[in-house]
Amino acid sequence: MSEAAPLRSLLFVPGDSERKQAKALGSGADAVILDLEDSVAEAQLPAARTQVRAFLEATPRGAGLQRWVRVNSPSSGKTADDLAAVVGAWPDGIMLPKVSAAREVAEVGDALAAFEARAGIAVGSIRVIVIATETPQALLTMAGYGHGEAGPRLAGLTWGIEDLSAALGVTQKTKPDGSLIPVLELARSLCLVAAGAAGVQAIDGVYTDFRDSAGLQREAARARSEGFTAKMAIHPDQVPIINAAFSPTVAEVEHAKRVIAAFAASPGAGVTSLDGRMLDRPHLALAQRVLELSRRTGLDKA
């Protein structure tokens, strides 16, 4: 994201819980998402905004842990008040839920620019991650992200199914084997494809059973193998598992370096070889992606 290494883990923390926010600091997460939406009761929202701003001011930007804020949706009528409360403390980014079209992200970006200018911080420096699959309309407009309609702040796309399930009347989200029903698997896949088209991080959704470490490990491994580069967490205990799943191994990094070196030895070539196997440009792109992911572990410099 921007000049920083890609995120691997993003930990949700209620915006009104000072205790849980303090605990998140020691979780090892690459980013904390201070939540002003689903985890905060309506009556607690003003207090939560105050608490989130206090957390942001106490943990300066650039100190290691990225600080993101999930604001309320563009259709809620609360987004501007959320932004007014937190932008002055310069969060790393805003997570935007229940978006139905990429153009809504650009509109929030315009509002962000006004708040940034008012606060005297660099305009455009606050990025946006979108929960891109929470309405039926969203699934029909995902191509907009690939067309650049979300604007330059877009840093990642992730997916969620609870609101989508409610809107569609879904009563059983998984099949007997535990896999998602087709329409929800479609939402997940569209998120992955749209992120690739937009050139931003594809972030896998949460694994809700925080006591099931083995299940989380399987799901995170599957997500990475399919192209996701990060995953959201709802409990600090999930963070080490997610970080491990989205960190390339030493062997993967060494192979990626050798692939890149093979292409560097034949500048301009579309095809080269390594260990008797033909390599083409998609292999180079994948190797570069592995090195990008390894920047959080320092293995890219080893």
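Residues numbered from 1 in each chain as written. Predicted model: local features only at pLDDT ≥ 70, side-chain atom pairs only at ≥ 80, totals over all residues. Heavy atoms only, no water.

**Some details on the overall build of the protein chain**
Logical step 1: On a plain count of helices and strands, the protein chain comes out with twelve helices and ten strands.
Logical step 2: Here the protein chain has a C-alpha radius of gyration of 20 Å; the compact-globule value for 302 residues is 19 Å, and the two agree.
Logical step 3: By principal-axis analysis of the C-alpha atoms, the protein chain measures approximately 65 × 50 × 40 Å.
Logical step 4: Classification of the 302 residues of the protein chain by burial places 50% in the buried group.
Logical step 5: Within the protein chain, residue pairs in contact and separated by at least 24 positions form 70% of the contacts whose partners lie at least 6 positions apart. (Helix = DSSP H or I, 4+ residues; strand = E, 2+ residues; numbered from the N terminus. Rg over C-alpha atoms; globule rule 2.2 N^0.38 Å. Buried < 20%, exposed > 50% of the residue type's maximum accessible area, 1.4 Å probe, protein only. Contact = heavy atoms within 4.5 Å.)

**Describing the sheet that holds strand β5 (residues 127–131)**
Logical step 1: The eight strands are arranged β1-β2-β3-β4-β5-β6-β7-β8 in a closed barrel whose pairing can be described as parallel. Sheet twist, expressed as the mean angle between neighbouring strand axes with direction ignored, is 25°.
Logical step 2: As paired elements, strand β1 (residues 9–14) and strand β8 (residues 230–233) share three bridges and run parallel to each other. Of the residues in β8, the one forming a bridge with Leu-11 is Ala-233. (Pairing = 2+ DSSP bridges. Axes fitted to C-alpha atoms, helices over the stretch in contact; angles between N-to-C directions.)

**Focus on the nonpolar core**
Logical step 1: Residues Val-69, Val-130, Tyr-145 and Leu-157 are the most contacted members of the largest nonpolar core, which totals 64 residues.
Logical step 2: Sequence-distant contacts of Val-69, that is, excluding residues within four places in its chain, are made with Leu-34, Leu-36, Val-52, Leu-56, Val-86, Pro-91, Gly-93, Ile-94 and Met-95.
Logical step 3: Membership of the second largest hydrophobic core comes to 13 residues, among which are Ala-31, Trp-68, Ile-131 and Ala-155. (Core = buried A, V, L, I, M, F, W, Y, C linked by side-chain atoms within 4.5 Å.)

**With respect to a nonpolar patch on the surface**
Logical step 1: A surface patch of nonpolar side chains, amounting to about 200 Å² of accessible area, comprises Val-206, Phe-210 and Ile-234.
Logical step 2: Considering the arrangement of structural elements, one finds Val-206 in the loop between β7 (201–204) and α9 (213–226). (Patch = residues over 30% accessible without salt bridge, like charges linked within 9 Å, V, L, I, M, F, W, Y side chains within 5 Å. Areas by Shrake-Rupley, 256 points an atom, 1.4 Å probe, with all protein chains shown as cover. Salt bridge = Lys/Arg side-chain N within 4 Å of Asp/Glu carboxyl O.)

**Observations concerning the side chain of Ser-73**
Logical step 1: Position of Ser-73 among the secondary structure elements: in the loop between β3 (66–70) and α3 (79–86).
Logical step 2: Assessed through its relative accessible area of 6%, Ser-73 is described here as buried.
Logical step 3: Ser-73 has contacts with Thr-79, Pro-97 and Lys-98, leaving out every residue within four places of it along the chain.

**So, the environment of Ile-234**
Logical step 1: Tracing the backbone shows Ile-234 in the loop between β8 and α10 (239–245).
Logical step 2: Each C-alpha atom, one on Ile-234 and one on Gly-26, is 15 Å from the other, the two residues being 208 residues apart in sequence.

**Thoughts on the pattern of salt bridges**
Side chains that differ in sign of charge can pair as their charged atoms come close.
Logical step 1: This structure, assessed with the given rule, holds 23 salt bridges.
Logical step 2: The salt bridge partner of Glu-42 is Lys-78, with a shortest N-O separation of 2.5 Å. Here the residue Glu-42 occupies a position in the loop between β2 (31–35) and α2 (45–58), and Lys-78 occupies one in the loop between β3 and α3, the gap between them amounting to 36 residues.
Logical step 3: Among the residues examined, Lys-78 registers a relative accessible area of 23% and is labelled partly exposed.
Logical step 4: Lys-231 serves as the salt-bridge partner of Asp-204, at 2.8 Å between the closest nitrogen and oxygen. Note that Asp-204 is positioned in strand β7 and Lys-231 in strand β8, a separation of 27 residues in sequence. A single burial state applies to Asp-204 and to Lys-231, both of which are buried.
Logical step 5: Through salt bridges with shared partners, a single ionic network connects Glu-185, Arg-188, Asp-204, Glu-219, Arg-222, Glu-226 and Lys-231.

**Details of the packing of helix α11 (residues 250–264) against helix α12 (residues 281–293)**
Logical step 1: Viewed as axis vectors pointing N to C, α11 and α12 meet at an angle of 135°, and their least axial separation amounts to 8 Å. In terms of orientation, α11 lies oblique with respect to α12. Viewed along their axes, α11 and α12 form a crossing whose handedness is left-handed. Contacts between α11 and α12 involve Glu-252, Val-253, Ala-256, Lys-257, Val-259, Ile-260 and Phe-263 on the former and, on the latter, Arg-281, His-283, Leu-284, Ala-287, Gln-288, Val-290 and Leu-291.
Logical step 2: Partitioning the contact of α11 with α12 into residue classes produces nine nonpolar, two polar and three charged. (Parallel < 35°, antiparallel > 145°, perpendicular 65-115°, else oblique. Left-handed = near helix turned anticlockwise from the far one by under 90°. Nonpolar A, V, L, I, M, F, W, Y, C, P; charged D, E, K, R; others polar.)

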